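Take a look at the letters that make up each chain.
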Amino acid sequence: MTQSLVISIDAMGGDHGPSVVIPAVARALAEVPADVCFLLHGDEAQLAPQVAQHSAAAGRVIIRHAEKVIGMDDKPAQALRRGKGSSMWNAVESVREGEAAAAVSAGNTGALMAISKLILRMSADLERPALVASIPTPNGVTTFLDAGANVDCDAERLVEFAIMGEAYHRAAHGKPHPTVGLLNVGSEEMKGHEEVRQANRALREGGFELDYRGFVEGDDLTRGGIDVVVTDGFTGNVALKAMEGALRFITSELRGALSSGVLASAGALLARGSLMKFRDKMNPQPAAPLLGLNGLVLKVHGGASGRDFAQALRVAVDLAQSGFAAEIERNMRRLPAALAETGPTAVDGAH
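What comes next concerns the included structure. (Residues numbered from 1 in each chain as written. Predicted model: local features only at pLDDT ≥ 70, side-chain atom pairs only at ≥ 80, totals over all residues. Heavy atoms only, no water.)

## Structural notes on a nonpolar patch on the surface
A surface patch of nonpolar side chains, amounting to about 360 Å² of accessible area, comprises Phe249, Ile250, Leu254 and Phe278. Here the nonpolar patch takes three residues from helix α9 (residues 233-258), the largest share from any one element. Within the element layout of this structure, Leu254 appears in helix α9. Assessed through its relative accessible area of 32%, Leu254 is described here as partly exposed. (Patch = residues over 30% accessible without salt bridge, like charges linked within 9 Å, V, L, I, M, F, W, Y side chains within 5 Å. Areas by Shrake-Rupley, 256 points an atom, 1.4 Å probe, with all protein chains shown as cover. Salt bridge = Lys/Arg side-chain N within 4 Å of Asp/Glu carboxyl O. Helix = DSSP H or I, 4+ residues; strand = E, 2+ residues; numbered from the N terminus. Buried < 20%, exposed > 50% of the residue type's maximum accessible area, 1.4 Å probe, protein only.)

Now the structure itself:
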C-alpha cells in the first residue's frame, strides 16, 4: 500500500456485515482525502465480488482474508479464547503492527473491547478503555463518557476521562477549547461522594490544560452549554439508556399523532422536510471510540446503516490525522502530582 493513511475494517461485524460495510466504504472513498485507503478483513469470497462493483475501490481497497467471525452473542471470554484469526481480531492487530492508523468494527462490543485491550494494551496506567457517546444538543453534540465500560471509578479514573474526552472532542468536532464538566447530583462544591469531589478539586487545581467548568447536572447533557461531560460507567450507561428510551417514546408518539387521521397525515406530508431534519438530529452518532488504548479503535453500533458506517469511517480518518493522542499523554503526565496535591479532605460522605 502506497497511501499514507490506512483504516482497518472488520468487514464481517455487525447485524448486516458486508452488505452495509462495502457500500459504506464506497461512499466514504468519495468523502475522504485521496491518500486514504481501506483494509477489509473478512471472507474474501463474499467481499471480493461486492468490492468489484465499485470502480472507486480500485487501488484504495485491499481485502485480507479471515476465516473466522466473532458472533454478536459471543461472550468476551469466548472471543479472547477463539477469536485469533477472526475479522475483528485481525482488524485490531493491524493497528498494533503499524499497518493501519485505526480499526473500525460494528461487531460485538464486549468482544471488541476485550480484544482491543489484549492486543493494543492500555496507555499509561489505565485499566480499561472508556466508551464515548455523542449526545445531540442545540449547539451540536455533548461528548459523554464513560458510557458503560467502567462501572466503578475513583477520582483518578474520572480525571483521566476528562483528559481523554476533551482531547477527543477537539479532534472529532473541531472545537479548539472544549469546555469540560463533571456530572454530579448538584452544582454545589460540597455535593456528591468523595471520589467525585476529589476529581473536581484535581481538575480545578491540578494545572491541566482544560477549560474545566466544575459540576454539572443531568439536564446539562442536552442543554449544549458544556462540550464534555464526565461520569463513571454505571451512571453513564443508565443516563444514556434512559435518554434512548425517552427518544424512542417521543418518536413513537409523534409518529402515532401524525398518522391519526387525514388532516394529521396531510400535515405530516407538508412538514416532511422538517421531520427528516428532526430525525437526523436525534439519531445517535454512529462512531464510539474506545479511549485509553495504545491505538485507535472505533465501535460502530451493530445496526448501523451504510450512511452511518460511512460517517464512522470519516470520523476514524479525522481522528487518525489529529494529534489528540499526544495531547492526552501530555496531560496524563500531570495526573499523579495533581491527585497528590488535591487528595481527600476531612469532609466525607455525600450531601
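After that view of the structure, there is still more to cover.
## What to know about the packing of helix α1 (residues 18-29) against helix α12 (residues 306-321)
One can describe the packing of α1 onto α12 by two numbers: an axis separation of 8 Å at closest approach and a directional angle of 55°. Classified by the angle between their axes, α1 and α12 sit oblique to one another. The interaxial crossing formed by α1 with α12 has right-handed handedness. When α1 is examined against α12, the residues Val20, Val21, Ala24, Val25, Arg27 and Ala28 are found in contact with a partner set consisting of Gly306, Arg307, Phe309, Ala310 and Leu313. Each residue belonging to the contact of α1 with α12 can be placed in one class, and the counts come to eight nonpolar, one polar and two charged. (Axes fitted to C-alpha atoms, helices over the stretch in contact; angles between N-to-C directions. Parallel < 35°, antiparallel > 145°, perpendicular 65-115°, else oblique. Left-handed = near helix turned anticlockwise from the far one by under 90°. Contact = heavy atoms within 4.5 Å. Nonpolar A, V, L, I, M, F, W, Y, C, P; charged D, E, K, R; others polar.)

## Quick look at empty space enclosed by the protein
Throughout the structure, instances matching the rule amount to two cavities of 30 Å³ or more. Approximately 50 Å³ is the volume attributed to the largest cavity. Forming the walls of the largest cavity are Gly13, Gly14, Asp15, His16, Gly17, Val20, Val21, Ala106, His301, Gly302, Ala304 and Phe309. Class assignment for the residues of the lining of the largest cavity results in five nonpolar, six polar and one charged. (1 Å grid on protein atoms, 1.4 Å probe; cavity = no way out; pocket = protein on both sides within 12 Å on 5 of 7 lines; lining within 4 Å. Points joined across faces, edges and corners; volume = space filled by probe spheres on them.)

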